[in-house]
Amino acid sequence: RLRRDHLAWLGKHLSKSVAEWKVVVTHFPPTFLKEDWDFLCRKHGIDLIISGHTHAQEIYHGDSSVFQNTTYIISGGGGGITSEATPAADGNDDQYGFFDLALGRDEII
């Protein structure tokens, strides 16, 4: 029931949004509830989903995204001491990834 209630709440607020960009931030990556996210992305035109949960940075955009026109980022950052793999000593890896975004009227970079 909680999942259904949360999805209804999100759908309600997305449908009311007049924002230039529709950005959703959530803990679990959208692939955890792929069918639900696919529906929300198509119906409401979500531009970007930012999530966490796994401790390796992943970025899906364009053909690599399972949600057509929606980019999604798994930040890879977060608390705790676990990661999906052993981080490289020189830091040249995607473990504990962090990122920054700039949102403008015409693009997100």
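None of these values were measured; they are calculated from a predicted model.

Colleague: It is not clear to me how the overall build of the chain should be interpreted in this structure. Could you clarify?
Modeller: In terms of regular secondary structure, the chain is built from two helices and four strands. Element order for the chain, N to C, with α for helix and β for strand: α-β-α-β-β-β. Among the 109 residues that make up the chain, the fraction classed as buried is 31%. In the chain, the share of contacts with a sequence separation of at least 24, taken over all contacts with a separation of at least 6, comes to 50%.

Colleague: Whenever I open this one, the pairing of strand β4 (residues 71-74) confuses me. Can you help?
Modeller: A regular strand carries its side chains on alternate faces of the sheet. Alternating residues of β4 divide into T71 and I73 and Y72 and I74, and every residue in both groups is buried. In terms of strand pairing, strand β2 (residues 48-51) meets β4 through four bridges, oriented parallel. Across the sheet, L48 pairs through a bridge with T71, a residue of β4. When strand β3 (residues 58-60) meets β4, the two strands line up antiparallel, connected through three bridges. Of the residues in β4, the one forming a bridge with E58 is I74.

Colleague: What is the right way to read the packing of aromatic side chains from this model?
Modeller: For any pair of aromatic rings, geometry is given as the distance between the ring centres together with the angle between the planes. If you walk through the whole model with that rule in mind, you get three aromatic pairs. With centroids separated by 5.5 Å and ring planes inclined at 65°, the aromatic side chains of F67 and Y72 adopt a geometry described as edge-to-face. Relative accessible area serves as the criterion here: at 2%, F67 is assigned to the buried category.

Colleague: Honestly, the pattern of salt bridges in this entry has me stumped. Any pointers?
Modeller: Close approach of charged atoms allows side chains with opposite charge to pair. Applying the stated criterion across every chain yields a total of three salt bridges. Residue R3 pairs with D36 through a salt bridge whose shortest N-O separation is 2.3 Å. Separated by 33 residues along the polypeptide, R3 in helix α1 (residues 2-16) and D36 in helix α2 (residues 34-44) bring together distant segments of the chain. On the accessibility criterion, D36 (18% relative accessible area) is buried.

Colleague: Mind showing me how you'd approach the layout of surface pockets here?
Modeller: Vacant regions in the atomic arrangement are exposed by a probe of water-molecule size rolled over the atoms. Space inside the largest pocket adds up to approximately 310 Å³. In terms of lining residues, the largest pocket is bounded by 14 residues, among which H6, L7, T26, L33 and W37 are the most central. At the level of secondary structure, the elements contributing two or more residues to the lining of the largest pocket comprise α1 and β1 (23-25). Looking at the lining of the largest pocket element by element, the count peaks at five residues for α1.

Colleague: Would you mind going over α2 with me for this structure?
Modeller: Given 3.6 residues per turn, any residue in an α-helix points the same way as the ones three and four places further on. Restricting attention to buried positions, one finds in α2 the residues D36, W37, D38, L40, C41 and H44. Along its buried surface, α2 packs onto α1, β1 and β2. Of the residues trailing α2, G45 is marked for its positive phi of about 65°.

Criteria and thresholds
Residues numbered from 1 in each chain as written. Predicted model: local features only at pLDDT ≥ 70, side-chain atom pairs only at ≥ 80, totals over all residues. Heavy atoms only, no water. Helix = DSSP H or I, 4+ residues; strand = E, 2+ residues; numbered from the N terminus. Buried < 20%, exposed > 50% of the residue type's maximum accessible area, 1.4 Å probe, protein only. Contact = heavy atoms within 4.5 Å. Pairing = 2+ DSSP bridges. Phe/Tyr/Trp six-rings, centres within 6.5 Å; stacked < 30°, edge-to-face > 60°. Salt bridge = Lys/Arg side-chain N within 4 Å of Asp/Glu carboxyl O. 1 Å grid on protein atoms, 1.4 Å probe; cavity = no way out; pocket = protein on both sides within 12 Å on 5 of 7 lines; lining within 4 Å. Points joined across faces, edges and corners; volume = space filled by probe spheres on them.

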